[in-house]
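Listed below are the residues making up each chain.
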Amino acid sequence: MSFSARRAVPDRAAPAHLVVGFVSKPHGIRGEVFVQSLTDHPGGAFAPGVVLCIAGADGREPASDAAPLRVEAARPQKRGFLVRFAGMQDRNDAEELRGLYLLRAIEDLEPLDEDEVFYHDLLGLAVETVSGEPVGEVHEVFEQAPHDLLEVRTPRGILLIPFVRTVVVGVDLPARRLVVDPPEGLLEL
């Protein structure tokens, strides 16, 4: 069993919105777009009635000059979703969304499961071993196959630690710490 983390724009301050998708191109002539899902819970993000926002230039907040988009219909498609937003009548309307990121308000998200954390909550956590030895601080989260990696900055350099339950044995957000049980050699630079 591995940890699950919901994707977010990396930032130490809790964001008001999370990135949930990327509009790669229009689809057909009826205003649909192909959206690459950037969330671990796409069923909730691309359901009819859900309100999404277009990301502004910084990618963290909604664009001030763009109206929110209400999902009218969505269906799974290879590696993403075909989505039609209310008011999108034709391909020309859909073309205006090409290349834009979609955000969802954090208060509209489904509650986290017991073993889930948001990626942005991991940033800045102090990393220590199960014996209490300090290792460093989480600086970045990289989404990689077969598992995500935590970039941990240490006094001796940067470590990449697999974000899997066999290595990361505890995440204590209130205490701002992450506990690892590293296999032999993992913490050696």
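Sequence positions are assigned chain by chain, starting from 1 and proceeding in written order. For a predicted model such as this one, the threshold for reporting local features is a pLDDT of at least 70, and the threshold for listing and counting side-chain atom pairs is 80 or more; totals across whole chains, interfaces and linings nevertheless cover every residue. Side-chain numbers here rest on the full set of heavy atoms in the structure, without hydrogens or water.

> So what about the sheet that holds strand S6 (residues 80-85)? Which residues, and what values?
A pair of strands counts as paired when DSSP detects no fewer than two bridges linking them. Going along the chain from the N terminus, every DSSP run of H or I of four or more residues is numbered as a helix, and every run of E of two or more is numbered as a strand. Judged by pairing direction, the barrel is antiparallel, and its six strands sit side by side in the order S2-S3-S6-S5-S4-S7 before closing back on the first. The sheet shows a mean angle of 45° between the axes of neighbouring strands, direction not considered. Sheet topology note: the strand S4 (residues 51-54)/strand S5 (residues 69-77) ladder contains two bridges and is antiparallel. Residue pairing for S5: Leu52 is matched across the bridge by Leu69. All axes are obtained by fitting lines to C-alpha atoms, using only the stretch in contact for helices, and the reported angles, taken between N-to-C directions, cover 0 to 180 degrees.

> Explain the sheet that holds strand S14 (residues 177-180) to me, using residue names and the numbers behind them.
In any sheet, the strands associate via hydrogen bonds between backbone groups, in a parallel or an antiparallel arrangement. With mixed pairing, six strands are arranged side by side in an open sheet as S12-S11-S10-S9-S14-S13. Each having just a single partner strand, strand S12 (157-162) and strand S13 (168-172) make up the two edges of the open sheet. Each adjacent strand pair in this sheet contributes to an overall mean axis angle of 35°, direction not counted. Sheet analysis places strand S9 (residues 126-129) next to strand S10 (residues 134-142), joined by three bridges and oriented antiparallel. The residue of S10 that forms the bridge with Ala126 is Glu137.

> Report on a positive patch on the surface, specifying residues and quantitative values.
Residues Lys25, Lys78, Arg79 and Arg91 make up a contiguous surface patch of positive charge. Within the element layout of this structure, Arg91 appears in helix H2 (residues 91-95). Patch criteria: residues need more than 30% relative accessible area and no salt bridge. Like-charged residues are merged within 9 Å; nonpolar side chains of Val, Leu, Ile, Met, Phe, Trp and Tyr are merged within 5 Å. Note that accessible areas follow from Shrake-Rupley with a 1.4 Å probe, and for residues the cover is restricted to the protein chains shown. Whenever Lys or Arg places a side-chain nitrogen within 4 Å of a carboxyl oxygen from Asp or Glu, that contact is recorded as a salt bridge. Counted charges follow a simple rule, with Lys and Arg positive, Asp and Glu negative, and His plus the chain ends left uncounted. Think of each charge as sitting on NZ of Lys, CZ of Arg, CG of Asp or CD of Glu.

> Lay out the nonpolar core in plain terms, naming residues and giving numbers.
To qualify as a nonpolar core, a set must consist of buried Ala, Val, Leu, Ile, Met, Phe, Trp, Tyr and Cys residues joined through side-chain atoms within 4.5 Å. The rule is simple: take the accessible area with a 1.4 Å probe, protein chains only, and divide by the maximum for that residue type; under 20% is buried, over 50% is exposed, in between is partly exposed. Ranked by internal contacts, the top residues of the largest apolar core, which has 19 residues, are Leu122, Val127, Val138, Leu150, Val152, Ile161 and Leu178. Where this core is concerned, the elements lending two or more residues are helix H3 (119-122), S10, strand S11 (149-154), S12 and S14. The greatest single-element share of this core, amounting to three residues, is contributed by S10. Here a residue-residue contact requires only that any non-hydrogen atoms of the pair lie within 4.5 Å. Ignoring anything within four residues of it in the chain, the contact list for Leu150 reads Leu122, Val138, Glu140, Val141, Leu159, Leu160, Ile161, Phe163, Val168 and Leu178. Residues Val35, Phe46, Phe85 and Leu97 belong to the second largest nonpolar core, which totals 18 residues.

> Describe the packing of aromatic side chains, listing the residues and the values that go with them.
Two aromatic rings, drawn from Phe, Tyr or Trp (for Trp, its six-membered ring), form a pair once their centres lie within 6.5 Å of each other, and the interplanar angle then sorts them: stacked below 30 degrees, edge-to-face above 60, tilted otherwise. Here the structure, examined in full by the defined rule, presents two aromatic pairs. Their ring planes at 55° and their centres at 4.8 Å tell us that Phe22 and Tyr101 sit as a pair that is tilted. One end of the pair, Phe22, is in strand S2 (residues 17-27); the other, Tyr101, is in strand S7 (residues 101-105), with 79 residues separating them in the sequence. When the ring of Phe46 is compared with that of Phe81, the centres are 5.3 Å apart and the planes differ by 35°; the resulting orientation is tilted. Separated by 35 residues along the polypeptide, Phe46 in the loop between helix H1 (42-45) and S4 and Phe81 in strand S6 bring together distant segments of the chain. Just as Phe46 is buried, Phe81 falls in that class too.

> Lay out the pattern of salt bridges in plain terms, naming residues and giving numbers.
Tallied over the entire structure, the rule returns eight salt bridges. With a shortest N-O distance of 2.5 Å, Glu32 and Arg75 are connected by a salt bridge. Taken together, the positions of Glu32 in strand S3 (residues 32-37) and Arg75 in strand S5 put the pair 43 residues apart, joining distant regions of the chain. The exposure class of Glu32 is buried, given its relative accessible area of 10%. You can call Arg75 partly exposed: its relative accessible area is 40%. One salt bridge connects Glu151 with Arg153, and the closest N-O pair in it is separated by 3.3 Å. Judged by relative accessible area, Arg153 falls into the partly exposed class, the value being 41%. Linked through salt bridges whose partners overlap, the residues forming this network are Glu128, Asp172 and Arg177.

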